[in-house]
There are 2 protein chains.
Amino acid sequence: MTTAPAPLADLDTEALRAAHAEFARAYDELKASGLALDITRGKPSAEQLDLSNDLLHLPDGAYRDAAGTDLRNYGGPNGLPELRAIFADALRVPVAQLLALGNSSLTVMHDTVAQALLHGVPGGELPWGHQSISFLCPVPGYDRHFTICERFGIRMIAVPMNDDGPDIATIETLLATDDSIKGMWCVPVYSNPSGAVYSEEVARALVSLPAAADFRLFWDNAYVVHHLSDERPEPIDILALAAEAGNPDRPLIFASTSKVTFPGAGVAFIGASEANIAWFQRNSAAQSIGPDKLNQLRHVQLLRDQDGLAAHMEKHRAILEPKFAAVDEAFRARLEPWGAGAWNAPHGGYFVSLDVLDGCAKRAVQLAKEAGIAVTPAGATFPYGEDPRDANIRIAPTFPPLAELRTALDGLCTAILLAETEALLAERN
Amino acid sequence: MTTAPAPLADLDTEALRAAHAEFARAYDELKASGLALDITRGKPSAEQLDLSNDLLHLPDGAYRDAAGTDLRNYGGPNGLPELRAIFADALRVPVAQLLALGNSSLTVMHDTVAQALLHGVPGGELPWGHQSISFLCPVPGYDRHFTICERFGIRMIAVPMNDDGPDIATIETLLATDDSIKGMWCVPVYSNPSGAVYSEEVARALVSLPAAADFRLFWDNAYVVHHLSDERPEPIDILALAAEAGNPDRPLIFASTSKVTFPGAGVAFIGASEANIAWFQRNSAAQSIGPDKLNQLRHVQLLRDQDGLAAHMEKHRAILEPKFAAVDEAFRARLEPWGAGAWNAPHGGYFVSLDVLDGCAKRAVQLAKEAGIAVTPAGATFPYGEDPRDANIRIAPTFPPLAELRTALDGLCTAILLAETEALLAERN
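Owing to the predicted nature of the structure, the values given are computational and were not obtained by experimental measurement.

**Considering the environment of A:Q131**
All names here are of chain A.
1) Next: Relative to the helices and strands, Q131 resides in the loop between α4 (105-119) and β3 (134-139).
2) Next: For Q131, a relative accessible area of 31% translates into the label partly exposed.
3) Next: Distance from Q131 to Q48, taken between C-alpha atoms, is 44 Å for residues 83 residues apart in sequence.

The structure is reproduced here in structure tokens:
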């Protein structure tokens with residue numbers, strides 16, 4: 001007997017039991033099939049990495065920048081102007097205020113927080129570390145942002161995300177009543193994991209709301225060129241908006257080539273006001289005699305200019321679009337008929353955010369894991385790993401080949417349906 | 001009339017005036033010759049960089065390590081085991097306790113101090129930043145070490161250097177009477193700039209003397225494979241000595257490929273006890289998803305194994321030995337007859353340390369600069385840039401071609417002799 005799909009919560013107990021039995025049987029088969037699949041992290045696939053394989057023999061004997069400097073030697077702390085020029089337009093930062101650094105924007109964000117703790121930031125009276133401080137954390141959000149706060153003992157305050165960015169009314173109230181708030185994590189374009197794009201209205205509010213002089217937006221523009229459709233957001237010039245609002249030093253813009261070329265050998269960027277960049281340079285003068293400039297030269301040779309960058313990202317899109325479509329298809333086919341989940345179909349970025357029935361995310365992820373399907377731990381998208389509703393699951397569809405992804409998604413759906421029927425039955429007992 | 005060379009201080013006033021006139025005339029000629037030479041920094045020459053030009057097309061399509069991992073992607077925070085194995089023997093650190101990281105050991109040292117300030121180190125009760133702390137600084141020493149302390153407000157206590165390392169009696173007294181001392185900068189092999197090599201006796205004392213549980217030796221082994229002669233120091237296994245002395249966590253070992261391959265695109269290393277490495281890994285887990293692993297693969301392919309590393313360093317020696325000989329020759333010819341300076345002829349490393357007459361270093365460097373010869377600012381080898389005797393000048397002979405170096409050294413000698421006769425005459429007025 002097959003149970004006819006209907007929202008699980010609407011089923012009478014007998015039908016729910018039948019559905020549960022069906023999902024349990026499907027789950028047993030899944031487990032018996034001995035899968036070993038991984039959709040935990042936002043990693044590019046091997047096919048995507050192949051797009052940048054020219055880097056593996058570049059710079060092909062060359063070692064000078066356009067100004068004739070020998071890039072093999074010490075120096076050049078700001079990074080190659082040619083590379084900064086390629087990314088300046090997409091990031092809406094003047095080349096002079098955009099620095100190209102070493103591998104990984106995570107490192108630059110971490111180090112910026114560390115320097116703020118030790119030295120304070122322009123406009124602040126004290127180092128952040130001389131007081132108890134807090135960060136605003138739109139949720140669901142990026143677990144590695146939260147790890148930085150946790151490691152440094154920075155209190156995290158969750159803020160709900162809407163379709164156009166974090167909830168401004170909540171932020172306004174928090175900023176007005178809690179002067180320990182010194183920072184806020186923002187992924188303004190194709191948020192991790194909700195895919196939301198901040199509207200200009202939200203961005204304008206974030207740079208305008210009254211806040212401490214040393215309050216900083218950590219504007220992690222990780223996915224600004226990572227489109228999955230032709231529907232593209234108008235780039236937001238956050239530095240100009242901040243200057244207009246009289247708070248030019250509020251945004252710190254971060255980005256990297258991690259998901260453009262090679263995550264294992266990339267270039268990170270920081271952009272900000274002149275005062276913030278001078279502060280960053282003063283800090284890094286004690287830390288480094290310059291980033292890996294040859295790797296920056298490789299990137300200049302590979303990407304050439306901003307059109308080259310755009311063309312390169314179209315190749316990523318061609319690989320990724322079918323994978324994101326597969327997520328949507330799987331959830332439409334398996335979850336929607338049972339009213340078993342709500343998810344987004346993002347226009348870019350690396351994730352799909354799925355909400356299952358409250359209280360079922362952890363159990364579903366555990367069931368999937370026991371069946372050989374590794375999914376980002378439930379709760380990871382919330383500060384301290386604690387999703388108060390236990391509902392959110394982050395789907396990272398980019399890494400596995402399409403066929404494996406489909407198998408993993410189907411198995412995950414089975415795990416979710418089983419977890420949900422278990423929970424609903426338990427409620428009725 | 002030419003003044004006959006004799007120690008300047010022994011000349012009668014008339015002879016001194018004649019010598020001064022002679023040096024002043026030579027200096028005017030020097031100035032008129034319009035030089036633009038630079039011996040300020042310990043930079044490898046273009047000829048040395050050429051030794052590693054294979055890196056400019058490596059890894060030549062390859063992107064997997066020996067274990068088959070795709071190095072283009074995220075991960076691998078400890079660095080390539082193959083590369084760590086090449087340096088493990090020279091650094092006397094077991095591969096498991098030696099991490100290969102990104103460009104520049106300066107960054108790793110800086111970040112280690114920052115993490116100690118924010119979190120404390122194993123064995124410590126408080127983060128270093130919760131108290132006023134001090135570092136022991138053997139002098140003359142490396143200015144960038146001192147800059148890290150200065151930037152973080154760490155008090156620096158100068159300690160005299162002997163031929164076999166820093167003065168242990170001074171250190172013993174300081175450690176016994178000042179519990180704010182949490183760190184000490186050490187360049188154990190071919191010290192910057194004195195060229196001194198720490199004896200095993202000194203090393204043993206440094207890991208044995210009673211000190212705070214969170215006292216750390218910053219064992220910057222920057223020049224451990226940078227020999228200039230066949231007379232090579234027996235490598236010191238500082239981790240084993242520290243363990244024997246019951247202080248296994250005291251040394252933190254740093255090194256890099258900056259002066260092995262390319263300073264602008266290198267690999268840094270940290271080695272330490274298991275407890276320290278676990279501490280470092282816990283910190284860097286929040287900071288990075290892994291170093292540039294492709295650059296590490298390039299280095300493995302270039303250097304191959306520890307014999308390959310040794311052979312590569314012999315090529316550097318062949319280029320550098322004549323330059324260090326030129327320094328010795330110039331000072332013997334121009335300074336020695338007048339008793340105008342004392343210097344060392346190091347068996348390795350990147351510097352010669354020259355002591356001129358007390359009170360004359362700043363003036364000599366200034367005169368050289370005005371004649372178009374840039375020398376490391378006098379005082380740079382001391383904490384806060386203050387050489388109490390104003391006597392020490394760091395000579396960095398590696399970067400310029402040999403002919404330019406000879407010209408720069410000759411001009412510098414003229415500037416020194418002029419500064420010294422000026423000073424001696426002023427004393428007699």
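**A look at the interface of chain B and chain A**
1) Next: On the side of chain A, 59 residues touch chain B, which itself brings 59 residues to the contact.
2) Next: Between chain B and chain A lies a buried interface of about 4,500 Å² when both sides are counted; carbon and sulfur atoms form 54% of it.
3) Next: At the surface where chain B touches chain A, the tally comes to 2 salt bridges.
4) Next: As a salt-bridge pair, A:R72 and B:D50 come within 2.7 Å of each other at their nearest N and O atoms.
5) Next: At the boundary of chain B and chain A, one finds 23 residue pairs in polar contact (both at pLDDT 80 or more).
6) Next: Breaking the side of chain B that touches chain A down by element, the ones donating at least two residues are α2 (46-50), α4 (105-119), α5 (143-151), α9 (274-285) and α10 (293-303) of chain B.

**Regarding the packing of aromatic side chains**
1) Next: Summed over all chains, the structure comprises 24 aromatic pairs over all chains.
2) Next: For the ring pair A:W185 and A:F218, a centre distance of 5.1 Å and an interplane angle of 55° mean the geometry is tilted. In this pair, A:W185 is assigned in strand β6 (residues 181-186) and A:F218 in strand β7 (residues 216-220), connecting sequence segments 33 residues apart. Of the two residues examined, A:W185 and A:F218, each falls in the buried class.
3) Next: Both rings, one in A:F331 and one in A:W343, keep their centres 5.4 Å apart while their planes meet at 75°; by these two values the pair is edge-to-face. Here A:F331, found in helix α11 (residues 306-334), pairs with A:W343, found in strand β10 (residues 342-343); they are 12 residues apart in sequence, far enough to count as distant.
4) Next: Taken together through their ring pairs, the aromatic side chains of A:W128, A:F135, A:W185, A:F218 and A:F254 make up a single cluster.
5) Next: Here the guanidinium or amino end of B:K43 rests over the ring plane of B:F399, the centre of that ring lying 4.7 Å away.

**What about the pattern of salt bridges?**
Residue and element names in this part refer to chain A.
1) Next: This structure, assessed with the given rule, holds 32 salt bridges over all chains.
2) Next: When the shortest N-O distance is used, the salt bridge between D230 and R317 registers 2.7 Å. In this pair, D230 is assigned in the loop between β7 and α8 (238-244) and R317 in helix α11, connecting sequence segments 87 residues apart.
3) Next: The class for R317 is buried, based on a relative accessible area of 10%.
4) Next: Between R232 and E314 there is a salt bridge, and its shortest N-O distance comes to 2.7 Å.

**A closer look at the relation of the copies chain B and chain A**
1) Next: For the match of chain B to chain A, the screw axis carries a shift of 0.0 Å, the RMSD comes to 0.0 Å, and the turn is 180°. Both copies are brought into coincidence by an operation consistent with a two-fold rotation axis. Residue B:H57 of chain B places its C-alpha closer to the rotation axis than any other residue of that unit, at 2.2 Å.
2) Next: Mapped onto chain A, 100% of the interface residues of chain B again fall at the interface, so both copies present the same surface.

**Comments concerning the side chain of B:H299**
1) Next: Looking at the element boundaries, B:H299 is found in helix α10.
2) Next: In this view, B:H299 contacts B:L55, B:L83, B:T257, B:T261, B:A265, B:G266, B:V267 and B:R304; residues no more than four positions away in its chain are not counted.

**With respect to the side chain of A:T421**
Residues and elements named next belong to chain A.
1) Next: Position of T421 among the secondary structure elements: in helix α13 (residues 402-428).
2) Next: Among the residues examined, T421 registers a relative accessible area of 0% and is labelled buried.
3) Next: Among the polar contacts made by the side chain of T421, one reaches the main-chain carbonyl oxygen of L417 at a distance of 2.9 Å.

**Comments concerning the domain arrangement of chain A**
Residues and elements named next belong to chain A.
1) Next: Domain annotation for chain A reports domain 1 (8-48 + 310-428) and domain 2 (65-303).
2) Next: A separation of 31 Å is found between the C-alpha centroids of domain 1 and domain 2.
3) Next: Opposite the 27 residues of domain 1 that make contact, domain 2 presents 32 residues.
4) Next: When the buried area of domain 1 at its contact with domain 2 is split by residue, M313, H347 and Y384 rank highest and sum to 25% of it.
5) Next: At the boundary of domain 1 with domain 2, the tally comes to 3 salt bridges.
6) Next: Counting residues per element, the ones that place at least two in the side of domain 1 that touches domain 2 are α11, β11 (352-355) and β13 (392-395).
7) Next: At 8 residues, the largest contribution of residues to the side of domain 1 that touches domain 2 is made by α11.
8) Next: Considering only residue class, the side of domain 1 that touches domain 2 consists of 12 nonpolar, 10 polar and 5 charged.

**Overview of the pairing of β7(A)**
Residue and element names in this part refer to chain A.
1) Next: Counting buried residues along β7, 5 of its 5 residues qualify, which places the element largely inside the surrounding structure.
2) Next: Looking at chain direction, β6 and β7 are connected through 4 bridges and run parallel. Across the sheet, the residue bridging to M184 is L217, located in β7.
3) Next: Following the chain from β6 across helix α7 (residues 200-208) to the adjacent parallel β7, one finds a crossover that is right-handed.
4) Next: Sheet analysis places β7 next to strand β8 (residues 251-256), joined by 4 bridges and oriented parallel. The residue bridging W219 from the neighbouring strand is I253, located in β8.
5) Next: Considered for its hand, the β-α-β crossover made up of β7, α8 and β8 is right-handed.

**Here we look at the sheet that holds strand β5 (residues 165-166) of chain A**
All names here are of chain A.
1) Next: The strand order across the open sheet built from 8 strands is β2-β9-β8-β7-β6-β3-β4-β5, with neighbouring strands paired in mixed fashion. This sheet does not close on itself; its edge strands, each paired only once, are β2 (98-100) and β5.
2) Next: Across the sheet, helix α5 (residues 143-151) touches β3, β4 (155-162), β6 and β7, and the angle it forms with β3 is around 160°.

**Quick notes on the pairing of β13(A)**
Residues and elements named next belong to chain A.
1) Next: In β13, alternate side chains face the same way, and those of N392 and R394 on one face and I393 and I395 on the other are all buried.
2) Next: The pairing of β11 with β13 spans 4 bridges and is classified as antiparallel. Across the sheet, the residue bridging to L354 is I393, located in β13.

**Structural notes on the packing of helix α11 (residues 306-334) of chain B against helix α13 (residues 402-428) of chain B**
Residue and element names in this part refer to chain B.
1) Next: Where α11 meets α13, the closest approach of the two axes is 10 Å, and the angle between their N-to-C directions is 30°. In terms of axis orientation, α11 runs roughly parallel to α13. In this structure, α11 meets α13 at a crossing whose hand is right-handed. Here P322, K323, A326, V327, E329, A330, F331 and R334 of α11 come into contact with α13, specifically with L402, L405, R406, L409, D410, C413, T414 and L417.

**So, unusual backbone geometry**
Most peptide bonds take the trans configuration, and most residues that are not glycine carry a negative phi.
1) Next: The linkage connecting A:V139 with the following residue, A:P140, adopts the cis geometry, with an omega of -5°.
2) Next: Within the element layout of this structure, A:P140 appears in the loop between β3 and α5.
3) Next: Between B:L58 and B:P59 the backbone carries a cis peptide bond, its omega angle lying at 5°.
4) Next: With respect to the secondary-structure elements, B:P59 resides in the loop between α2 and α3 (81-91).
5) Next: The phi dihedral of B:R92 falls on the positive side, at around 55°, and the residue is not glycine.

Calculation notes
Residues numbered from 1 in each chain as written. Chains lettered and ligands numbered in written order. Predicted model: local features only at pLDDT ≥ 70, side-chain atom pairs only at ≥ 80, totals over all residues. Heavy atoms only, no water. Helix = DSSP H or I, 4+ residues; strand = E, 2+ residues; numbered from the N terminus. Buried < 20%, exposed > 50% of the residue type's maximum accessible area, 1.4 Å probe, protein only. Contact = heavy atoms within 4.5 Å. Buried area = accessible area lost by both parts, 1.4 Å probe. Salt bridge = Lys/Arg side-chain N within 4 Å of Asp/Glu carboxyl O. Polar contact = N/O pair within 3.5 Å; in protein donor to acceptor, adjacent residues only side chain to side chain. Phe/Tyr/Trp six-rings, centres within 6.5 Å; stacked < 30°, edge-to-face > 60°. Lys NZ or Arg CZ within 6 Å of the ring centre and 35° of its normal. Least-squares fit on C-alpha atoms with pLDDT ≥ 70 in both. Domains from an automatic or database assignment. Nonpolar A, V, L, I, M, F, W, Y, C, P; charged D, E, K, R; others polar. Pairing = 2+ DSSP bridges. Right-handed = clockwise from strand over helix to strand, strands pointing away. Axes fitted to C-alpha atoms, helices over the stretch in contact; angles between N-to-C directions. Parallel < 35°, antiparallel > 145°, perpendicular 65-115°, else oblique. Left-handed = near helix turned anticlockwise from the far one by under 90°.

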